[in-house]
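# Chains, contacts and geometry: an overview
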Amino acid sequence: MQPTLSPTRLRVYLSTPRRPRFVVELALIALGYWVYSLVRNAVPEREALAVDRAWQLLDLEKALHIDIEHSVNHTVNGVTWLIVSMNYYYATLHFVVTIGVLVWLFHRHPGRYRAVRTVLFLTTGLALFGYFFFALAPPRLLPDAGYIDTVLVHHTWGSMASGDMKNVSNQYAAMPSMHIGWSTWCAIAIAMFARPMWVKALGILYPVLTLFVIVATGNHFVLDAVGGWITLAVALVLQRLLNARSAYRFPRYPPDDPRAVSLPPPARRPMDAGVKDGHEIERPQREPVDVSSSP
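Residues numbered from 1 in each chain as written. Predicted model: local features only at pLDDT ≥ 70, side-chain atom pairs only at ≥ 80, totals over all residues. Heavy atoms only, no water.

Between its first and last C-alpha atoms helix α5 (residues 80-108) spans 39 Å; for 29 residues at 1.5 Å apiece the expected length is 42 Å, and the two agree. Taken as a whole, α5 carries its principal kink of about 50° at threonine 92. Restricting attention to buried positions, one finds in α5 the residues Ile83, Met86, Asn87, Tyr89, Tyr90, Ala91, His94, Thr98, Val101, Leu102, Leu105 and Phe106. (Helix = DSSP H or I, 4+ residues; strand = E, 2+ residues; numbered from the N terminus. Expected span 1.5 Å × (residues − 1). Bend = angle between axes of the 7 residues up to and from the residue. Buried < 20%, exposed > 50% of the residue type's maximum accessible area, 1.4 Å probe, protein only.)

Dropping the structure here:
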């Protein structure tokens, strides 16, 4: 008779670190990105509604005094080498850094990999609901708003948001920003698990620079970035409920990994022992003091 998978067994299974398998993980990542792209690009674009929502979002930003997109977009566009670099940053690092962090976690932190990867998958899955139920135009597609589509102006390649590639990508999937969601996911993993301080600093700087890039290139509003952070925060909560502990509290190595074997703790010395010239010596014992009688 096969044992039943009780809630307790399932909880233990989900909270136990296990060594990830390369083929399985590669297949999951490929399948996940295919589904993400399929759903994201199959969503009806609803241009008029997406543009109306963008104007409403911009009005909200003006009320909050955070409507910096227009000034940043025009200022940075005046420095050709900088805006061209940002165009390529936007088109490439979104994937390169995320995949790099996944590979690093897989090899150097196998006990944590599955849980941290789950956070990324949940963040991406939640974003699809935003794309479907809240179609939103990016600043560069707002008519008569004066934003510059920097990819079109500078003829850079690689971005699916502008130019020839725009026909194979949903142009109105700006909320939430997964450039921010994924970059912040990378930053948390790097800050938590990397050892060199300069690597931690670069990891923390990554989503900050990404925020600057998505605004300067006219691809996102500031509140799109806030949506990305909220999506990631919800994913972190869901992962904690699923695995019964935070992804960042898992051990570095699973129990079956030889690197998980640790040295036994040092034997505790008796309180009355000391050390002299590398050898333990006995300390003289004090006679108990009788305080029950009066002097």
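Next, the rest of the story.
This structure, assessed with the given rule, holds 6 aromatic pairs. Considering the side-chain rings of phenylalanine 106 and tyrosine 113, the 5.5 Å spacing of their centres and the 90° angle between planes classify their relative orientation as edge-to-face. Pair check on accessibility: phenylalanine 106 and tyrosine 113 agree, each one buried. Three or more aromatic residues joined by ring pairs make a cluster, and in this case those are Phe129, Phe132 and Phe133. The ring of phenylalanine 121 carries the charged tip of arginine 117 above its face, separated from the ring centre by 5.4 Å. Taking the ring centre of phenylalanine 250 as reference, the NZ or CZ of arginine 245 above it sits at 4.2 Å. (Phe/Tyr/Trp six-rings, centres within 6.5 Å; stacked < 30°, edge-to-face > 60°. Lys NZ or Arg CZ within 6 Å of the ring centre and 35° of its normal.)

On to the pattern of salt bridges. One pass over the full model with this rule turns up 1 salt bridge. Measuring nitrogen to oxygen at the nearest pair gives 3.4 Å for the salt bridge that ties aspartate 149 to arginine 140. The same class applies to aspartate 149 and to arginine 140, which are both buried. (Salt bridge = Lys/Arg side-chain N within 4 Å of Asp/Glu carboxyl O.)

Let's shift gears to the side chain of arginine 112. Along the chain, arginine 112 turns up in helix α6 (residues 110-133). A residue is classified by how much of its surface remains accessible, and arginine 112, at 16% relative accessible area, is buried. Among the polar contacts made by the side chain of arginine 112, one reaches the side chain of histidine 109 at a distance of 2.8 Å. Contacts of arginine 112, omitting those with residues within four sequence positions, involve Phe193, Ala247, Phe250, Pro251 and Arg252. (Polar contact = N/O pair within 3.5 Å; in protein donor to acceptor, adjacent residues only side chain to side chain. Contact = heavy atoms within 4.5 Å.)

Moving on, we get to a nonpolar patch on the surface. Together, Trp198, Leu202, Leu205, Val208, Leu209 and Phe212 give the surface a local cluster of nonpolar side chains, amounting to about 610 Å² of exposed area. Tracing the backbone through its elements, the reader meets phenylalanine 212 in helix α9 (residues 197-216). (Patch = residues over 30% accessible without salt bridge, like charges linked within 9 Å, V, L, I, M, F, W, Y side chains within 5 Å. Areas by Shrake-Rupley, 256 points an atom, 1.4 Å probe, with all protein chains shown as cover.)

This part is about helix α3 (residues 47-64). Side chains that are three or four residues apart share a direction in an α-helix, a result of its 3.6 residues per turn. For α3, with 18 residues, the first-to-last C-alpha span of 26 Å sits near the 26 Å given by 1.5 Å per residue. Looking at α3, one finds that the buried residues are Ala50, Val51, Arg53, Ala54, Leu57, Leu58 and Glu61. All buried residues of α3 lie within an arc of 160° about the axis, which places them on one face of the element. More than 90 degrees from the buried face of α3, the exposed residues found are Ala48, Gln56 and Ala63. For α3, the secondary structure elements touched by its buried residues are α4 (69-77), α6 and α10 (222-243). (Arc of directions from axis to C-beta.)

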